[in-house]
Amino acid sequence: MLDLKFIRDNVGKVKEGLKKKNSKADIDEILQLDEGKRGLLKEVEVMKADRNRISKELGISKAKGEDISQKSAEMKVFSQKIKDIDLKVEEITQRITALMLSVPNIPNEAVPVGSEANNKTVMEWGKKRNFNFNPLSHWELCEKLDIVDFKRAAKISGAGFVVFKGKGALLERALVNFMLDVHIREHGYKEVIPPFLVNEASMTGTGQLPNLKEDMYSIDKESLYLIPTAEVPVTNLYAGEIFSEEQLPLYHVSFSACFRKEAGSYGKDTRGMKRVHQFDKVELVKFVLPEKSYEEHEKLLNNAEIILQKLGFHYRVRLLASGDMSFAAAKCYDIEVYSPGCNEYLEVSSCSNFEDFQARRANIRYRARSGKTAYVHTLNASGVALPRTFIAILENCQTEDGKIAVPEALQPYMGGIAYID
RNA sequence: GGAAGGGUGGCCGAGUGGUCCAAGGCGACGGUUUGCUAAACCGUUGUACGGGCUAAUACCCGUACCGGGGGUUCAAAUCCCCCCCUCUCCGCCA
């Protein structure tokens, strides 16, 4: 959520930012409601001051044994007037809040303006592997090696689900443990294993609700949602809390399953496991001081990149254009790993700085040494998402005779085996 | 699913209708003392919103906030109703 006061003082800047993000959010309506509300507040607060003063006087009169019945009767009418105005104020406040929750974050100045086509490659690592044979797609490899079962997954759950089997399951497990270990031991993150079901407040806190409701699985009877990313439970861990300045920065790494309906992307990437309804992910979440957040953002990006470097994959980093960023982000890098079977770059991580946007929604603050409280900045990145990394391993590490050469970094996590065959 | 307790400031914890501007403690900050640290003593110490005055997030005034919502009352942390959360015990299940 943006700061209403900031909107009030920077109307032009905010409108420009929203335009860059292709948002149709109506700032004017919010400002108009806000003005009306402040007018009413001014009026009713004077009345309340009167009420408080007179009530106090009546208390004293009564203690002296004086008759206060007439004055009481007058005050009853006056109090009712206050209640009526309070009700109006409450109505307006709710409308403002509802509108504010749907206003996206505005982009940082470093973000290129435009749509997906304006995303900028800011860095490339490694090189595409040269094959002296025709590389297979991951779904062909999965079937041949019998390590992922798409058909039976569809039978028990539906399209867009996968079942890992044998060495496929082992590879998935190995990847999770490998990534967790790197972030915990080498990058100083503290591990958290959160619930995979969260309440509505948590989903609102990180910005998935209200706008992305159609893309989430929910258990309506209990008002619970299946998490689309560990970002949701982990960020909301500290909702309503106040850090001391010494506690920051705080780094968490978290493994979770992620659940996404992928509404609106039917027919896209239907083959294989590029886009599935349930997948595993190792997520990095940071809580930092506002003045450090862009420095921390670069470090975060690097932490995620290291995973791909250790696995030895060619990848590129894209700075997303304003219109391609998510609702809550102020600046975002995507890491895309190259996969030869499908011959494309696959997004394995979004590395975002949300500034105080999520912190304001979830009310996560810190107390500065001066004693002042302020919102923290939150950031997160996948470190990294599993299915596409799994794809990249199969397609990049395949041998001519149809085996998968396990990357060296993963071998200790797979009982020392060198090949999946 | 049943029964009982609890939810108060950064934290702990008192508070059964007006004097609550929420006691007291801890912590934090400032000061005195001190070779340094500690201790002791003195003082300060919430958040949000609105308004005034501004260079100002400084200062002044007001309002609201004691889990959330509603009610009673001239007046609610306090009384009543509903809900949420939490904890203990019982039952059921793993």
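Residues numbered from 1 in each chain as written. Chains lettered and ligands numbered in written order. Predicted model: local features only at pLDDT ≥ 70, side-chain atom pairs only at ≥ 80, totals over all residues. Heavy atoms only, no water.

Draft legend 1. Geometry of the layout of surface pockets. Roughly 590 Å³ of volume is contained in the second largest pocket. Contributing to the lining of the second largest pocket are 28 residues, with Phe-150, Gly-160, Thr-270, Arg-271 and Gly-272 lying nearest its centre. Of all the secondary structure elements, the ones that give two or more residues to the lining of the second largest pocket are helix H5 (138–145) and helix H6 (150–156). Ranked by the residues each element gives to the lining of the second largest pocket, the list is headed by H6, at five residues. Here the lining of the second largest pocket is built from residues that sort into ten nonpolar, seven polar and eleven charged. (1 Å grid on protein atoms, 1.4 Å probe; cavity = no way out; pocket = protein on both sides within 12 Å on 5 of 7 lines; lining within 4 Å. Points joined across faces, edges and corners; volume = space filled by probe spheres on them. Helix = DSSP H or I, 4+ residues; strand = E, 2+ residues; numbered from the N terminus. Nonpolar A, V, L, I, M, F, W, Y, C, P; charged D, E, K, R; others polar.)

Draft legend 2. Looking closely at the nonpolar core. Counting 57 residues, the largest nonpolar core has Leu-171, Leu-175 and Phe-390 as its most contacted members. Counting residues per element, this core draws most heavily on helix H7 (residues 166–186), at eight residues. Apart from the residues within four sequence positions on either side, Phe-390 is in contact with Cys-142, Ile-147, Val-148, Phe-164, Gly-168, Leu-171, Glu-172, Leu-175 and Met-273. Met-47, Ile-92, Val-103 and Ala-329 belong to the second largest nonpolar core, which has 31 residues in total. (Core = buried A, V, L, I, M, F, W, Y, C linked by side-chain atoms within 4.5 Å. Buried < 20%, exposed > 50% of the residue type's maximum accessible area, 1.4 Å probe, protein only. Contact = heavy atoms within 4.5 Å.)

Draft legend 3. Looking closely at the protein's contact with RNA strand B. Around RNA strand B sit 25 residues in total, of which Arg-8, Glu-45, Ala-49, Ser-55 and Ser-79 are the nearest. Taking all atoms of RNA strand B within 4 Å of the protein, the share assigned to sugar and phosphate is 74%. Taking Arg-38, its side chain carries an N or O atom lying 3.3 Å from a phosphate oxygen of RNA strand B. One of the side-chain nitrogen or oxygen atoms of Glu-45 is found 3.1 Å away from a base nitrogen of RNA strand B. Of all the secondary structure elements, the ones that give two or more residues to the surface near RNA strand B are helix H1 (4–9), helix H3 (27–63), helix H4 (69–101) and strand E12 (365–367). The dominant element in the surface near RNA strand B, judged by the number of residues it contributes, is H3, at 13 residues. Looking at the surface near RNA strand B residue by residue, the class counts come to five nonpolar, six polar and 14 charged. (Near = heavy atom within 4 Å. Polar contact = N/O pair within 3.5 Å; in protein donor to acceptor, adjacent residues only side chain to side chain.)

Draft legend 4. The sheet that holds strand E3 (residues 197–199), seen in detail. The strand order across the open sheet built from three strands is E3-E5-E4, with neighbouring strands paired in antiparallel fashion. Looking at the sheet topology across the chains shown, the edges are occupied by E3 and strand E4 (218–219). (Pairing = 2+ DSSP bridges.)

Draft legend 5. Representation of unusual backbone geometry within the structure. Residue Pro-249 is bonded to the preceding Leu-248 through a cis peptide linkage, with omega at 0 degrees. Summarising the element assignment, Pro-249 is placed in the loop between strand E6 (242–244) and strand E7 (250–259). Cis geometry marks the peptide bond from Gly-383 to Val-384; its omega dihedral reads 5 degrees. Checked against the element boundaries, Val-384 lands in strand E14 (residues 377–385). Positive phi values are uncommon outside glycine, yet Asp-146 reaches one of about 55 degrees. Locating Asp-146 in the fold gives a position in the loop between H5 and H6.

Draft legend 6. Expanded view of the domain arrangement of chain A. According to the domain assignment, chain A consists of domain 1 (4–100) and domain 2 (116–420). Placing the centre of domain 1 and that of domain 2 at their C-alpha centroids yields a distance of 44 Å. (Domains from an automatic or database assignment.)

Draft legend 7. Molecular detail of the pattern of salt bridges. Applying the stated criterion across every chain yields a total of 24 salt bridges. Put simply, Asp-146, Asp-149, Arg-152 and Lys-165 are held in one network by salt bridges that share partners. (Salt bridge = Lys/Arg side-chain N within 4 Å of Asp/Glu carboxyl O.)

Draft legend 8. Highlighting the sheet that holds E12. Taken together, the three strands give an open sheet; going across it, the order is E6-E12-E13, and neighbouring strands pair in mixed fashion. Because the sheet does not close on itself, it has two edges, and the strands there are E6 and strand E13 (373–375). Sheet twist, expressed as the mean angle between neighbouring strand axes with direction ignored, is 35 degrees. (Axes fitted to C-alpha atoms, helices over the stretch in contact; angles between N-to-C directions.)

Draft legend 9. How the structure looks around the state of the cysteines. The tally for this structure, following the rule as stated, stands at zero disulfides. Here Cys-142 stays unpaired: no disulfide links it, and the sulfur of Cys-342, its closest cysteine neighbor, is 12 Å away. Taking the relative accessible area as the measure of exposure, Cys-142 reaches 0% and is therefore buried. With no disulfide of its own, Cys-258 lies 16 Å from the sulfur of Cys-332, the closest cysteine sulfur. (Disulfide = S-S within 2.5 Å.)

Draft legend 10. How the structure looks around the packing of H5 against helix H12 (residues 386–396). Viewed as axis vectors pointing N to C, H5 and H12 meet at an angle of 80 degrees, and their least axial separation amounts to 9 Å. Classified by the angle between their axes, H5 and H12 sit roughly perpendicular to one another. Where H5 approaches H12, its residues His-138, Leu-141 and Cys-142 are matched on the opposing element by Phe-390, Ile-391, Leu-394 and Glu-395. Here the contact of H5 with H12 is composed, by residue class, of five nonpolar, one polar and one charged. (Parallel < 35°, antiparallel > 145°, perpendicular 65-115°, else oblique.)

Draft legend 11. Representation of the environment of Thr-378 in the model. Residue placement: Thr-378 occurs in strand E14. In this structure the C-alpha to C-alpha distance between Thr-378 and Thr-399, which are 21 residues apart in sequence, comes to 42 Å. Excluding anything up to four places from it in sequence, Thr-378 contacts Thr-235, Lys-286, Phe-287, Ser-352, Asn-353, Phe-354, Glu-355 and Gln-358. Here Gln-358 takes part through its side chain, which lies 2.8 Å from a polar atom of the side chain of Thr-378.

Draft legend 12. Quick peek at the packing of aromatic side chains. One pass over the structure, following the stated rule, counts ten aromatic pairs. With centroids separated by 5.3 Å and ring planes inclined at 90 degrees, the aromatic side chains of Phe-131 and Phe-133 adopt a geometry described as edge-to-face. Taking the relative accessible area as the measure of exposure, Phe-133 reaches 16% and is therefore buried. A network of ring pairs unites the aromatic residues Tyr-238, Phe-243 and Phe-287 as a single cluster. One Lys or Arg, Arg-316, reaches over the ring of Tyr-345 and ends 3.9 Å from the middle of that ring. Against the face of Tyr-419 rests Lys-403, its NZ or CZ located 5.3 Å from the ring centre. (Phe/Tyr/Trp six-rings, centres within 6.5 Å; stacked < 30°, edge-to-face > 60°. Lys NZ or Arg CZ within 6 Å of the ring centre and 35° of its normal.)

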